[in-house]
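Below are the chains, spelled out letter by letter.
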Amino acid sequence: MLDDMKHLIELDKEHTLLSHIGAVLGWDQETYLPERGIEERAEQIAFMEGLSHEKAVNPEIGKMLDNMEADEKIEAIEKAYVRVMRREYDKETKLPSGLVTEMARQTSLSQAAWVQARKDNDFARFAPHLQKMIDLNLEMARNLNPTAKPYDVLLDLYEFGSTEESIAAVFSMLKSDLENVLKKIRSRPQVDDSFLHKKVSQAAQEKMSGYIMDVIGFDRTRGRLDKTAHPFTTTLGRDDVRITTRYVEDFFPSSIFSTVHESGHAFYEMGIDPHPDFRGTRLADAASMAVHESQSRMWENIIGRSAFFWKKHYKAVAALSEGALDGVSLDAFVRAINKVETSLIRTEADEVTYGLHIIARFELEAALMRGSLAVADLPAAWNAKIKELFDLDVPDNARGCLQDVHWSMGAFGYFPSYALGNLYAAQFWTTMKGEIPDLEKRIEEGDSAAVLAWLR
Ligand code: CO
């Protein structure tokens with residue numbers, strides 16, 4: 001290995017350490033931080049981001065990349081590493097450090113304001129923060145690529161190479177297919193899922209989540225589960241991947257499927273294990289957001305909602321349900337957790353309507369970034385979209401445009417990766433089943449290790 005390569009890896013590992021330390025602060029903010037700790041936490045996170053940015057724009061990195069790009073003899077994995085580092089280095093060097101720090105600071109404040117605004121159903125309280133996050137993202141996009149459309153620049157950050165046009169082409173097909181399926185389902189007798197809405201205490205739901213994450217193979221010596229308003233996965237270290245879930249007293253499947261979903265994300269993070277020389281570098285990172293989401297949604301929907309999965313595990317979960325599932329057959333349970341119905345909340349949506357929720361957000365954020373939709377008009381535009389897609393009236397903004405965390409974090413361009421993830425997941429699953437013909441039978445017998453092994 002070249003000295004330049006060794007030196008680059010050393011510098012890059014410092015960047016990863018800083019990002020993991022930052023993740024500790026972020027995880028703590030979402031889980032256990034007392035209310036008044038938020039102001040200084042925002043300063044701490046901004047400080048860390050600043051440090052990390054400083055490291056990432058070190059001109060030495062640029063020089064080493066130039067040298068290695070000119071070298072024909074480097075190995076394939078080294079070439080891949082240089083390509084990833086070049087993309088990251090160019091991204092970082094184009095952003096002024098003032099903008100990076102300001103974005104980190106505003107993100108913390110905006111997220112905290114969103115939590116409160118959603119709780120109080122108070123869009124006006126969140127609106128100035130949303131405006132600020134939009135402005136900062138537009139500025140970031142201008143810095144990254146002054147000639148491209150801002151939304152295209154942002155989409156590219158989550159799914160490398162994608163544009164509004166390329167995604168719209170996929171989504172227009174998906175939209176009409178999903179609408180047709182939905183129309184057919186709505187014309188048929190509806191599934192009874194009333195027993196899923198019986199009260200189950202948080203303590204019992206915690207046990208259900210614990211059971212499920214254990215049987216699908218979550219290694220608790222390398223991660224843990226906690227409770228947040230919005231479930232997420234975060235990597236605090238190579239062997240420390242945290243997931244969170246949300247407990248809804250009168251809909252226990254919410255916590256189960258959030259736990260399975262986030263476990264899928266965690267499996268992906270825990271499974272990234274490249275050549276030992278590149279451990280702790282940015283090569284040891286996800287391929288893209290959509291690929292990440294393909295993992296979580298495969299575990300959640302394709303495996304987690306299947307009859308072959310529940311055949312083995314239904315009894316144990318029913319026993320933890322405090323009577324909610326008494327007298328409910330396996331078949332009735334599997335039908336209920338697959339019920340398709342129009343609804344207001346994306347994270348509770350079924351597989352059919354989920355894609356439509358994403359398409360709505362894609363169209364709205366594209367309009368926000370284009371400037372054809374003003375922040376003040378977002379609630380009305382949101383409600384009109386939900387009326388158009390689902391024929392539902394949105395009763396309040398908490399169940400409307402305030403429901404998702406993403407825009408409060410300035411993550412514009414993130415939503416499409418969920419729907420793309422579904423499409424990737426279906427393709428991975430089909431290929432996997434082709435290569436492991438008794439796959440479903442193995443899972444039915446309680447062995448899902450084959451899935452994880454194949455994916456890795
Ligand atoms: Co996810």
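Quick note: structure is the one above.
Basis of the calculations
Residues numbered from 1 in each chain as written. Predicted model: local features only at pLDDT ≥ 70, side-chain atom pairs only at ≥ 80, totals over all residues. Heavy atoms only, no water. Helix = DSSP H or I, 4+ residues; strand = E, 2+ residues; numbered from the N terminus. Rg over C-alpha atoms; globule rule 2.2 N^0.38 Å. Buried < 20%, exposed > 50% of the residue type's maximum accessible area, 1.4 Å probe, protein only. Areas by Shrake-Rupley, 256 points an atom, 1.4 Å probe, with all protein chains shown as cover. Lys, Arg positive; Asp, Glu negative; His and termini not counted. Charge placed at Lys NZ, Arg CZ, Asp CG, Glu CD. Salt bridge = Lys/Arg side-chain N within 4 Å of Asp/Glu carboxyl O. Core = buried A, V, L, I, M, F, W, Y, C linked by side-chain atoms within 4.5 Å. Contact = heavy atoms within 4.5 Å. Phe/Tyr/Trp six-rings, centres within 6.5 Å; stacked < 30°, edge-to-face > 60°. Lys NZ or Arg CZ within 6 Å of the ring centre and 35° of its normal. Donors = N, O, S within 2.8 Å, 3.2 Å for Na, K, Ca; no water. Tetrahedral: all angles 85-135°; square planar, octahedral: opposite > 155°, others 65-115°. Pairing = 2+ DSSP bridges.

A. Molecular detail of the overall build of the protein. Looking only at helices and strands, the protein features 18 helices and three strands. Taking 2.2 N^0.38 as the reference for a compact globule, 456 residues should give roughly 23 Å; the C-alpha atoms of the protein span a radius of gyration of 23 Å, in line with that estimate. Dimensions of the protein along its principal axes, counting C-alpha atoms only, are 70 × 50 × 45 Å. Residue burial in the protein is summarised as follows: out of 456 residues, 53% are buried. Element-wise, carbon and sulfur atoms account for 52% of the exposed surface of the protein, whose accessible area totals about 20,900 Å². In the protein, the 54 positive side-chain charges and the 73 negative ones have mean positions that sit 4 Å from each other.

B. Molecular detail of the pattern of salt bridges. Under the definition given, this model contains 32 salt bridges. The partner of glutamate 102 in a salt bridge is arginine 105, with the nearest N and O atoms 3.6 Å apart. Within this pair, glutamate 102 and its partner arginine 105 are both found in helix α5 (residues 97-120), separated by three residues, close to a single helical turn. By relative accessible area, glutamate 102 is classed as partly exposed at 24%.

C. Examining the nonpolar core more closely. Counting 62 residues, the largest nonpolar core has Phe123, Leu130, Ile134, Phe171, Leu378, Trp407 and Phe412 as its most contacted members. Secondary-structure elements contributing two or more residues to this core are α5, α6 (123-144), α7 (150-158), α8 (164-186), α14 (351-370), α15 (378-390) and α16 (416-435). Per element, the largest residue contribution to this core is twelve residues, and it comes from α14. Once you skip the residues sitting within four places of it in the chain, leucine 378 turns out to touch Phe123, Leu130, Leu368, Leu373, Cys401 and Trp407. Ala204, Met298, Phe309 and Trp310 belong to the second largest nonpolar core, which has 46 residues in total.

D. Inspection of the packing of aromatic side chains at higher detail. Taken as a whole and assessed by the stated rule, the structure comprises 17 aromatic pairs. Seen in terms of ring centroids, phenylalanine 171 and phenylalanine 362 are 5.2 Å apart; in terms of plane orientation they differ by 85°. Their pairing is edge-to-face. Of this pair, phenylalanine 171 sits in helix α8 while phenylalanine 362 sits in helix α14, and the two are 191 residues apart along the sequence. Exposure remark for phenylalanine 171: the relative accessible area of 2% places this residue in the buried category. Overall, phenylalanine 362 belongs to the buried group, its relative accessible area being 4%. Where tyrosine 314 meets phenylalanine 333, the ring centres are 4.7 Å apart and the plane angle is 35°; that geometry is what we call tilted. Pair noted here: tyrosine 314 is in helix α12 (residues 307-319) and phenylalanine 333 is in helix α13 (residues 330-337), with a separation of 19 residues, a long-range link. Just as tyrosine 314 is buried, phenylalanine 333 falls in that class too. Here the aromatic residues Tyr158, Tyr354, Trp382, Trp407, Phe412, Tyr414, Phe415 and Tyr418 are joined through ring pairs into a cluster of three or more. Across from the ring centre of tryptophan 27, 4.5 Å away, lies the NZ or CZ of arginine 242, which sits over that ring.

E. Focus on the coordination of the cobalt ion. In this structure, His261 (NE2), His265 (NE2), Glu293 (OE) and Glu293 (OE) serve as the protein donors to the cobalt ion, at separations of 2.1 to 2.7 Å. Every donor counted, the four donor atoms about the cobalt ion form angles of 50 to 122° at the centre, which fits irregular coordination. Each donor residue of the cobalt ion belongs to the same chain, with the gaps between them written as H-x3-H-x27-E. Of this pair, histidine 261 and histidine 265 both sit in helix α10 (residues 253-271), four residues apart, which is roughly one turn of that helix. Classification of histidine 261 by relative accessible area gives buried; the value is 9%.

F. Quick look at the pairing of strand β3 (residues 240-245). In terms of burial, β3 is largely enclosed, as five of its six residues are buried. In this sheet, β3 lies alongside strand β1 (residues 223-227) in parallel orientation, the contact comprising five bridges. Opposite lysine 227, over in β3, you have threonine 245 as the bridge partner. Judged from the four bridges that link them, strand β2 (residues 233-237) and β3 form a sheet pairing that is antiparallel. Pairing of threonine 235 across the sheet is with valine 241, part of β3.

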